[in-house]
Amino acid sequence: MQKLLTLFLIVLTAGVVLYGCGGGGGGSSPSDVFEPTPPPSTDPANPQLADLFLTADKLNVQTDGRDQVVLTVIAVTGANAALEGTVINLGSTAGLLSAQQIVTGADGKATFTFSAGAEKANQTADITASSGTMKRQIPISIRGSTLELNADKPTLKGDGLDIINLTGTLRDAGTLVIPNARLRISSSLGNILTDTVNVATQGTTINLTTDFSGSVKARLKGDKTGTDTISLQWIHPTTGAVFVQKDVNVTVSRSIFSITSPANGTTLDVSQPVEIAVSWLNFDGTEKVGKTITFNAGAGTLSASSALTDQSGVARVTFLAPAAGGPVLITASGSDTGDSGSATITLNVKPSTPTSLVLQAAPTILSPSNGTTASTSTITATVRDATNNPVPGAIVRFTLSKLVGGGEFISPLSAVTDSGGKAVATFTAGTAPSAKDQIEVTASVEAFPAVLNRVYLTIGQQPSRITFGETNVIEDLVVNGHQVGYKLPISLTVTDNNGNAVPNQVISLGMVVSKFRLGFRTDPDTGDFQVTGEFNNEDLNQNGILDPGEDGARGFYDFDLDGIINKADTDLDGFADEAAFFLDINEVERQTSATPQGLLNGRLDPGNVATIPAQVITNENGMTAFTIDYAKSYGNWVVVTINASTGVVGSESTATISIALVVKANDKPYLHSPFGF
């Protein structure tokens, strides 16, 4: 074996030498010779680049030219050591880099910045860092530019003569206008568009160029009836790719279609009825008779979804305002041969008197803000009336008290409730931490100062992960001097986003008994046991009350008592062979003499058979512990599920674990299942 390896190395070396010398007059060309790429050198005296890493502090940048992303390149050797002096070449498909070439320092790192620069188009820029043949890439989103498109009226007469004037404006993320940009405007129905500046430019789709004010102007006319969607797009000058788009809908009709009553903006009381009348006339003033008008209301109730026009060309339905206040959009539309019409109005339903305010914060515990990242909590106030209906249009004022002086603030100081009765503000933490629940946020309804509520916030380390820990040692539970049960210790560890311990963190605990078991001790002295059945908690809704349909077994039962619960469906009847279904008094199917009839006992099994504390607090190492306390008779026969939560919204602020209650070693005699065999 050693001789073969030596011979192979000699032949390989000879081949390399021949390639290096040209191999004589008839040697192979470089493309004919296989030359394996050597692995990166790990020689400390001659370190070489083995890998590059490219990271960014965020993945988007605004088109205002001021916003920027900080990127970091890390060069490492084959031994994963920092490599100093590595020349990094930079490139980007769009935007502006702070440098084209950088060199890593003693820590193997080099940083540079990226901004939109003069680029105003919304797009994705691919940032590339390379050294030699090694290249790394990261996408950065350039965004923030917007288009506005407005029509001077909502309806166009489809006679080919009437005109709608359209105005579009293009702005960057800083709201500055963007001149000399190429836009494209189109009609979905194929009506004719004309460039107002250059009237020779006409068609169903035309190109426009923004002027010094970032605007374009066009006219629409035509006879294609219906809802015409006018789309304005900012497009790439060569590829035609769409950077940003804005649409506006106009109605093209060959008739006069309008909601004649009530007037647009009419104010109604809650639950007030009003007649909706729609008039449909031809351009010559003649009535459209016997045509179906379809009605739709965003809230409230209509007496009918459609109605026919009468001899006056008018269709009528009754609208009943909703019980909650707020704006309601009413839409009417009709279709005739070669023609259509539609109209909308908004009715304002006066809000009822507010009587209650519910205030919520998410999250209630947040980390301090720093120079680059603001730590925020969303504050939501929900205002309702005496019948629990949401109250829209109410002014809610937000105030702060018990501050820590770190620059914390709330914005806006007042907000108007939406159709769901909700008003939202944002609390921004300062740089200083607070005591638990120190900061008080109050929300009150203007003109109704008694309608208010408060929520409390804590500025501290933001918990990121909760981890459970189990133990194999249990303690005795002593009550009145008697050893009546066990205490099973459980630990919890809370860490922040960087893996650091979070001390003084309040953790809320909850526990339910998820499963219970039937069975017996095969040897009460050794603790060996046989499970004959395993069932879910009968309390399906976890309300602690025996509701109809809850008393009975749901799980698996060892019908043949062979010590094995067979969950397969060998007889192909659609059920597991040893599934124990809900045992209704009138149900006899699949019941045998071994069926656990005793579970139909008029009570919830297994009941609340174990306890834990409601809250625990972590120590300086981010750890805490508690015990599950339970009577000895439930050891090996009950499974509990514990939920731990820091009260911070998000999946990483909660943790769940299922634990089978155990018995203490040598605590004999061991007990049979209290739920039966």
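Residues numbered from 1 in each chain as written. Predicted model: local features only at pLDDT ≥ 70, side-chain atom pairs only at ≥ 80, totals over all residues. Heavy atoms only, no water.

### Describing the overall build of the chain
Next, step 1: Assigned secondary structure in the chain consists of one helix and 49 strands.
Next, step 2: Expressed as a percentage of its 677 residues, the buried residues of the chain come to 39%.
Next, step 3: For the chain, the exposed surface amounts to about 34,500 Å²; the carbon and sulfur share of it is 53%. (Helix = DSSP H or I, 4+ residues; strand = E, 2+ residues; numbered from the N terminus. Buried < 20%, exposed > 50% of the residue type's maximum accessible area, 1.4 Å probe, protein only. Areas by Shrake-Rupley, 256 points an atom, 1.4 Å probe, with all protein chains shown as cover.)

### Some thoughts on the sheet that holds strand β1 (residues 51–56)
Strand-to-strand pairing in sheets goes through backbone hydrogen bonds, with the strands running parallel or antiparallel.
Next, step 1: As summarised here, the arrangement of the four strands in space is β1-β3-β7-β5, forming an open sheet in which the pairing is antiparallel. Every interior strand has two partners, whereas the edge strands, β1 and β5 (96–97), have only one.
Next, step 2: Where β5 meets strand β7 (residues 109–115), two bridges bridge the pair, whose relative direction is antiparallel. Across the sheet, Leu96 pairs through a bridge with Ser115, a residue of β7. (Pairing = 2+ DSSP bridges.)

### Focus: the packing of aromatic side chains
Next, step 1: A complete count under the given rule lists five aromatic pairs for this structure.
Next, step 2: Lying over the aromatic face of Phe283, Lys157 brings its terminal NZ or CZ to 5.5 Å of the ring centre.
Next, step 3: The lysine or arginine in question, Lys288, covers the ring of Trp280, its NZ or CZ lying 5.1 Å from the ring centre. (Phe/Tyr/Trp six-rings, centres within 6.5 Å; stacked < 30°, edge-to-face > 60°. Lys NZ or Arg CZ within 6 Å of the ring centre and 35° of its normal.)

### Quick notes on the pairing of strand β29 (residues 356–362)
Next, step 1: Across the two faces of β29 the burial differs, with Leu357, Leu359 and Ala361 buried and Ser356, Val358, Gln360 and Ala362 not buried at all.
Next, step 2: In this structure, β29 lies alongside strand β31 (residues 376–384), joined through seven bridges in antiparallel fashion. Across the sheet, Ala361 pairs through a bridge with Ile379, a residue of β31.

### What about the sheet that holds strand β30 (residues 365–366)?
Next, step 1: One open sheet holds the five strands; their spatial order is β30-β37-β36-β32-β34, and the pairing between them is mixed. Each edge of the open sheet carries a strand with a single partner, namely β30 and β34 (414–416).
Next, step 2: Both β30 and strand β37 (residues 448–459) contribute to a ladder of two bridges, which runs parallel. Along β37, the bridge assignment pairs Ile365 with Thr458.

### Observations concerning the nonpolar core
Next, step 1: Membership of the largest hydrophobic core comes to 35 residues, with the highest contact counts inside it found for Phe468, Leu492, Phe626, Ile628 and Ile642.
Next, step 2: Counting residues per element, the ones that place at least two in this core are β38 (463–469), β40 (482–496), β41 (506–523), β47 (623–631), β48 (638–645) and β49 (654–660).
Next, step 3: When sequence neighbours within four positions are dropped, the list of residues in contact with Ile628 reads Tyr486, Lys487, Leu488, Ile490, Met511, Ala610, Thr611, Ile612, Val640, Ile642, Ile659 and Leu661. (Core = buried A, V, L, I, M, F, W, Y, C linked by side-chain atoms within 4.5 Å. Contact = heavy atoms within 4.5 Å.)

### Observations concerning the pairing of strand β18 (residues 226–235)
Next, step 1: Within β18, eight of the ten residues are buried, which leaves the element mostly enclosed by the surrounding structure.
Next, step 2: Where strand β13 (residues 182–187) lies against β18, five bridges are found, and the strand directions are antiparallel. For Ser186, the partnering residue across the bridge sits in β18 and is Ser231.
Next, step 3: Note that β18 and strand β19 (residues 242–253) share ten bridges and pair antiparallel. Counted as the bridge partner of Leu232 is Lys246 from β19.
Next, step 4: The hairpin formed by β18 and β19 contains six residues between the paired strands, and Gly240 there has a positive phi angle of roughly 80°.

### Some points on the pattern of salt bridges
Next, step 1: Going through the model one piece at a time under the given rule, you end up with 20 salt bridges.
Next, step 2: Arg397 is paired through a salt bridge with Glu446; the nearest N and O atoms lie 2.2 Å apart. Here Glu446 lies in the loop between β36 (439–445) and β37 and Arg397 lies in strand β32 (residues 395–401), a separation of 49 residues in the sequence.
Next, step 3: In this structure Arg397 comes out as partly exposed when scored by relative accessible area, which is 38%.
Next, step 4: Residue classification places Glu446 among the partly exposed residues on the basis of a relative accessible area of 32%. (Salt bridge = Lys/Arg side-chain N within 4 Å of Asp/Glu carboxyl O.)

### So, unusual backbone geometry
Next, step 1: With an omega of -5°, the peptide bond between Ser261 and Pro262 qualifies as cis.
Next, step 2: With an omega of 0°, the peptide bond between Ala362 and Pro363 qualifies as cis.
Next, step 3: Looking at where Pro363 falls in the secondary structure, it is placed in the loop between β29 and β30.
Next, step 4: A positive phi is found at Ser271, a non-glycine position, where the angle reads about 65°.
Next, step 5: Within the element layout of this structure, Ser271 appears in the loop between β21 (267–268) and β22 (273–282).
Next, step 6: The backbone of Asn480 sits at a positive phi, close to 55°, despite the residue not being glycine.
Next, step 7: Looking at the element boundaries, Asn480 is found in the loop between β39 (475–479) and β40.

### Brief notes about the environment of Thr124
Next, step 1: With respect to the helices and strands, Thr124 occurs in strand β8 (residues 123–131).
Next, step 2: When its relative accessible area of 47% is taken as the criterion, Thr124 is described as partly exposed.
Next, step 3: C-alpha of Thr124 to C-alpha of Gly95: the two residues are 29 residues apart in sequence and 9.4 Å apart in space.
Next, step 4: Once residues lying within four places of it in the same chain are set aside, the contact partners of Thr124 are Thr93, Pro139, Ile140 and Ser141.

### Quick notes on the environment of Asn249
Next, step 1: For Asn249, the location among the structural elements is in strand β19.
Next, step 2: Measuring from C-alpha to C-alpha, the distance between Asn249 and Asn150 comes to 9.7 Å, with 99 residues separating the pair along the chain.
Next, step 3: With near-sequence residues (within four places) excluded, Asn249 lies in contact with Thr227, Asp228 and Thr229.
Next, step 4: There is a polar contact of 2.8 Å between the side chain of Asn249 and the side chain of Thr229. (Polar contact = N/O pair within 3.5 Å; in protein donor to acceptor, adjacent residues only side chain to side chain.)

### Structural notes on the side chain of Ser145
Next, step 1: Mapped onto the elements, Ser145 comes out in the loop between β9 (134–143) and β10 (146–151).
Next, step 2: Of the polar contacts made by the side chain of Ser145, one reaches the side chain of Thr63; its length is 3.0 Å.
Next, step 3: Not counting chain neighbours up to four residues away, the residues in contact with Ser145 comprise Thr63, Lys120, Asn122, Arg171, Asp172, Ala173, Ile178, Trp234 and Val244.

### Remarks on the confidence of the model for the chain
Interpreting fine coordinate detail is not advised for predicted regions of low pLDDT.
Next, step 1: Averaged over every residue, the pLDDT of the chain is 84; residues scoring 70 or more account for 87%.
Next, step 2: Between residues 584–598, whose pLDDT stays under 50, and residues either more than four places distant or in other chains, the model counts 24 contacts.
Next, step 3: A low-confidence stretch, residues 648–652 stays under pLDDT 50, and its non-local contacts, those more than four residues away or across chains, total ten contacts. (pLDDT = per-residue confidence, 0-100.)

### Points about the environment of Thr210
Next, step 1: Among the structural elements, Thr210 can be located in the loop between β16 (205–209) and β17 (215–221).
Next, step 2: Here the alpha-carbon distance between Thr210 and Asn180, two residues 30 residues apart in the chain, equals 5.0 Å.
Next, step 3: The residues touching Thr210, leaving out its near neighbours within four places in the chain, are Leu170, Ile178, Pro179, Asn180, Ala181, Leu183, Ser215 and Val216.
Next, step 4: Among the polar contacts listed, one links the side chain of Thr210 to the backbone oxygen of Ile178, at a separation of 2.9 Å.

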